[in-house]
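Spelled out, the chains give:
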Amino acid sequence: MKFLRHRLIGLPAFALLIAVAGCSSADDSASVAVPSPSPAVTKLCRNLDKALPRTVDGLSRNDPEPESVLTAGWGSPVIILRCGVERPPKMIDPKVAEGRDPDAVAGGVNGVDWLQEERDGGGYRFTSANRKAYVEVSVPEGRDSAAVLVDVASAVKSAIPAGIAD
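A description of the overall build of the chain should follow, citing residues and the corresponding values.
Secondary structure assignment for the chain yields four helices and eight strands. Start at the N end of the chain and walk to the C end: the helices and strands fall as α-α-β-β-β-β-α-β-β-β-β-α. Evaluated residue by residue, the chain yields a buried proportion of 39% over its 166 residues. Across the chain, contacts joining residues at least 24 apart in sequence account for 55% of those joining residues at least 6 apart.

As structure tokens, this is what we get:
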């Protein structure tokens, strides 16, 4: 009878251990706010999602939660791409539009112009300019931002037509 009592006590503890292990996550995926663009921009972002590279700056794709065609990620700490974001307020500044602002990446990268903004806590956020949809790429501190932009620029250029986003 003593054996049966230990078995019954051990069984719920074992079930609890399995439940806790099943709910915990062993991966390093990040959580990110998913943009809410218009249907036309969402279509462009779907095209971008299909065109994105499997690796960026030598890092494998590691998409953030929740899963969406509007977001992508690579590595850990995660490089985050969000498509269909709102126009950054800084883009209204005429100095940026005219290329007279140090935060505008002069000449762009592989045919894509970017606004560079330093993030609180380190790293940079880049937002595409002169495209029909705004694409934001957040690069954590310590990563080579230029390499990241080179790797994603061709996908942005092929999927998001040149022009001014609504």
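There is more to say after this.
Break down the pairing of strand β3 (residues 71-74) for me, with residues and values.
Residues Thr71 and Gly73 line one face of β3 and the alternating positions Ala72 and Trp74 line the opposite face, and both faces are buried. Remark: four residues form the turn of the hairpin made by β3 and strand β4 (residues 79-83), two consecutive strands paired antiparallel; Gly75 in that turn has positive phi of roughly 75°.

Any chance you could break down the nonpolar core for me, citing the residues and the numbers?
Ranked by size, the top nonpolar core spans 29 residues in total, and within it Leu48, Trp74, Leu81, Trp114, Val135, Val137 and Ile160 carry the most contacts. Listing elements by their share of this core, those giving two or more residues are α2 (39-51), β3, β4, β6 (112-118), β8 (135-139) and α4 (145-159). Sorting elements by how many residues they give to this core places α4 first, with seven residues. Apart from the residues within four sequence positions on either side, Trp74 is in contact with Leu52, Pro53, Arg54, Thr55, Val56, Leu59, Ser60, Arg61, Asn62, Ile79, Leu81 and Val152. Grouped together as the second largest cluster of nonpolar side chains are seven residues, Val85, Met91, Val96 and Tyr134 included.

Which residues make up α2, and what values do they have?
For α2, which comprises 13 residues, the first-to-last C-alpha distance of 19 Å matches the rise-based estimate of 18 Å (1.5 Å per residue) to within 8%. Every buried residue of α2 is listed here: Val41, Thr42, Leu44, Cys45, Leu48 and Asp49. Down the axis of α2, the sector holding all buried residues measures 160°, keeping them to one side. More than 90 degrees from the buried face of α2, the exposed residues found are Pro39, Ala40, Lys43 and Lys50. Buried positions along α2 lie against β3, β4, β8 and α4.

Could you give an account of unusual backbone geometry, with specific residues and numbers?
The peptide bond linking Glu65 to Pro66 adopts the cis configuration, its omega dihedral lying at -10°. Of the consecutive residues Ser76 and Pro77, the connecting peptide bond is found in the cis state with omega at 0°. Positive phi values are uncommon outside glycine, yet Asp57 reaches one of about 50°. Mapped onto the elements, Asp57 comes out in the loop between β1 (55-56) and β2 (59-60). One non-glycine residue, Asn130, lies in positive phi territory at about 60°. By the element assignment, Asn130 lies in the loop between β7 (124-129) and β8.

Run through the side chain of Thr42, naming residues and quoting values.
Summarising the element assignment, Thr42 is placed in helix α2. Look at Thr42 and you get buried, because its relative accessible area is 17%. In this view, Thr42 contacts Pro37 and Leu70; residues no more than four positions away in its chain are not counted.

Mind laying out the pattern of salt bridges, listing which residues take part and the relevant values?
Within the structure shown, the criterion is met by five salt bridges. Measuring nitrogen to oxygen at the nearest pair gives 2.7 Å for the salt bridge that ties Arg61 to Asp63. The salt bridge partner of Arg125 is Glu117, with a shortest N-O separation of 3.6 Å. In this structure Arg125 comes out as partly exposed when scored by relative accessible area, which is 27%. Overall, the relative accessible area of 16% leaves Glu117 in the buried class.

About the criteria used
- Residues numbered from 1 in each chain as written.
- Predicted model: local features only at pLDDT ≥ 70, side-chain atom pairs only at ≥ 80, totals over all residues.
- Heavy atoms only, no water.
- Helix = DSSP H or I, 4+ residues; strand = E, 2+ residues; numbered from the N terminus.
- Buried < 20%, exposed > 50% of the residue type's maximum accessible area, 1.4 Å probe, protein only.
- Contact = heavy atoms within 4.5 Å.
- Pairing = 2+ DSSP bridges.
- Core = buried A, V, L, I, M, F, W, Y, C linked by side-chain atoms within 4.5 Å.
- Expected span 1.5 Å × (residues − 1).
- Arc of directions from axis to C-beta.
- Salt bridge = Lys/Arg side-chain N within 4 Å of Asp/Glu carboxyl O.

Shape is all these values report; function is a separate question.
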